[in-house]
Structures are given as C-alpha cells and as structure tokens.
Amino acid sequence: SSLITTKHTFAKDGLLPRNSIRQIFSAFPKKHHDQLLVLLENFSILNPLEREFKGQSCFLVPSLLPEAIPSEDIASHWPTLVPKNFIEYGRVREFSFLPLGLFARMMVSVLHVEKVQGLVFWRNGLLVSQGQQLGLLHYRPEIFTLNFNVRAPVGFRSSRDNVSLLRELVEI
C-alpha cells in the first residue's frame, strides 16, 4: 500500500524511478524487495519500462497516472493541425466491453515495442515516438472506443528495420 498511497512523491504522474524502490520498501527487510517487486508486477500494479524516461529507468504505475489529458504536453509534440510534409493515419476500434485494467496492459505492451519511446502518459492514453513517427493512443472508457493515430513524414516507407508504428499499435 505504501506504493499507491500519497505518503511519498516518488511516483510522479505514474512514473516511478527504479532508484526509489529502496525508500518505498524501507519498512520491509531488503531481502524481500525483489519478491515484493515480482508480486506488484504480477498483479500489474507496476510495470517495468524497458527504456529510460526522461533519463531515468522507471516503472509505470497505471493507477497513479493523471486522469486529465495533459493537453499542453501533447500539443508540444502533436499539434492540432497535421504538420506540412506529414500524413496522419488512424484507426478506431469500438468494443461492447473491455475489462478494467486492459488498457493499462496495452499501454505497457506498446512501450515494449522495439524502438518505441514514451513521450506523454495519462490514465487513458499515451503519446509515443518511433523514429520519425508519432503515435497517439487514446481509450475512451465511457463508450469503449480505442483511437489509434500515427503521423509520419510524407513518403515514409516502412521496412523490416523501420516497422510502421500504426501496424505495431493495431497488432497489440
């Protein structure tokens, strides 16, 4: 419970630096820290990110992500109008039902795709980059709709080494 409560400020906006674990688990013997991490990961309470975020190795804690869409952060990477020399592709998936927590697992899966870098996170969405491509994934739980949007340079061609981000997002 010390991870989810507001007793600390280590997990800012749902991202928990790995080097904070020792302080969070300070009430427990050090020999149990690895077991506690495994337990939290098994229940998807926290999820290790393979790549650094803002220069730090982190865990993603979906329940601590902000609920509000960070509009200013998104706008700095994803302008309202598609930039010149870019094209936008998108898909909308509508569901009759999605289990609670499924989107958080999907978010973690996206962040483990090769060469994908997380840029902005919130409870029901994320903005990522993969090379020159940007991807915006937004889940609307009130209507069970999942929106995928990808922007890539005009003339962008995916190859075996440079897989299309949209294809990766849709396959997850």
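Cut-offs applied
Every chain is numbered on its own, with residues counted from 1 as its sequence reads. Per-residue local features of the predicted model are confined to residues with pLDDT of at least 70, and side-chain atom pairs are confined, for both listing and counting, to 80 or more; whole-chain, interface and lining totals are unaffected and use all residues. The side-chain numbers reported here are obtained from all heavy atoms of the structure, hydrogens and water having been left aside. Per the convention used, a helix needs a DSSP run of H or I reaching at least four residues, while a strand needs a run of E reaching at least two, with both numbered from the N terminus. When accessible area is computed with a 1.4 Å probe and restricted to protein chains, residues below 20% of their type maximum are described as buried, those above 50% as exposed, and intermediate ones as partly exposed. Residues are treated as being in contact if the distance between any of their heavy atoms lies within 4.5 Å. Calculation of accessible area relied on Shrake-Rupley with a 1.4 Å probe; when residues are assessed, cover is drawn exclusively from the protein chains displayed. When DSSP locates at least two bridges between a pair of strands, those strands are taken to pair. Axis lines are fitted through C-alpha atoms, for helices just across the contact stretch, and the angle between N-to-C directions can take any value from 0 to 180 degrees. Working definition: the arc comes from the directions between the helix axis and the C-beta atoms, pointing outward to the latter. Planes of paired rings set the category: under 30 degrees apart is stacked, over 60 is edge-to-face and the rest tilted, where pairs are Phe, Tyr or Trp rings (Trp by its six-membered ring) whose centres lie within 6.5 Å. pLDDT runs from 0 to 100 and stands for how confident the predictor is about each residue.

**A closer look at the overall build of the chain**
Logical step 1: Helix and strand counts for the chain stand at 5 helices and 8 strands.
Logical step 2: Overall, the chain shows an N-to-C arrangement of helices and strands of β-α-α-β-β-α-β-α-β-β-β-β-α.
Logical step 3: Relative to its full complement of 172 residues, the chain shows a buried share of 38%.
Logical step 4: Partitioning the intrachain contacts of the chain with sequence separation of at least 6 by distance along the chain shows that 57% fall at a separation of at least 24.
Logical step 5: Working note: accessible area of the chain is about 10500 Å², and carbon and sulfur atoms make up 53% of it.

**Description of the sheet that holds strand β3 (residues 58-60)**
Logical step 1: Sheet architecture is open: 3 strands sit in the order β1-β3-β2, paired in antiparallel fashion. Looking at the sheet topology across the chains shown, the edges are occupied by β1 (15-17) and β2 (47-48).

**Digging into the environment of Pro141**
Logical step 1: If you trace the backbone, Pro141 turns up in the loop between β7 (133-140) and β8 (145-153).
Logical step 2: In this structure the C-alpha to C-alpha distance between Pro141 and Phe103, which are 38 residues apart in sequence, comes to 9.2 Å.

**A word on the sheet that holds strand β6 (residues 125-130)**
Logical step 1: An order of β4-β8-β7-β6-β5 is seen for the 5 strands of this open sheet, with the pairing classed as antiparallel. The sheet terminates laterally at β4 (86-94) and β5 (117-122), the two strands that pair on one side only. Strand-to-strand, the axes of this sheet are offset by a mean angle of 15 degrees, without reference to chain direction.
Logical step 2: Each of β5, β6, β7 and β8 is contacted by helix α4 (residues 102-111), which is oriented at about 10 degrees to β6, the strand it contacts most.

**Looking at the pairing of β5**
Logical step 1: As paired strands, β5 and β6 are joined by 5 bridges and run antiparallel to one another. Of the residues in β6, the one forming a bridge with Trp122 is Gly125.

**Structural notes on helix α2 (residues 33-42)**
Logical step 1: Listed as buried for α2 are His33, Leu37 and Leu40. Buried residues of α2, seen end-on, are gathered within an arc of 65 degrees and therefore sit on one face of the element. Seen from the open side of α2, the exposed residues pointing more than 90 degrees away from its buried face are Asp34, Gln35 and Asn42.
Logical step 2: Phi for Ser44, located one or two positions after α2, is positive at around 55 degrees.

**Comments concerning the packing of aromatic side chains**
Logical step 1: As enumerated under the stated definition, the model contains 3 aromatic pairs in all.
Logical step 2: Judged by centre distance (6.1 Å) and plane angle (50 degrees), the rings of Phe97 and Phe144 are tilted. With Phe97 in the loop between β4 and α4 and Phe144 in the loop between β7 and β8, the pair connects residues that are 47 residues apart, well separated along the chain.
Logical step 3: You can call Phe144 partly exposed: its relative accessible area is 24%.
Logical step 4: Considering the side-chain rings of Phe103 and Tyr139, the 5.6 Å spacing of their centres and the 20 degrees angle between planes classify their relative orientation as stacked. One end of the pair, Phe103, is in helix α4; the other, Tyr139, is in strand β7, with 36 residues separating them in the sequence.
Logical step 5: A relative accessible area of 7% places Phe103 in the buried class.
Logical step 6: With a relative accessible area of 7%, Tyr139 lands in the buried category.

**Remarks on the confidence of the model for the chain**
Logical step 1: When pLDDT is averaged along the chain, the result is 82; 83% of the residues meet or exceed 70.
Logical step 2: Across residues 159-163 the pLDDT falls below 50, and counting only partners more than four positions away or on other chains, this stretch makes 7 contacts in the model.

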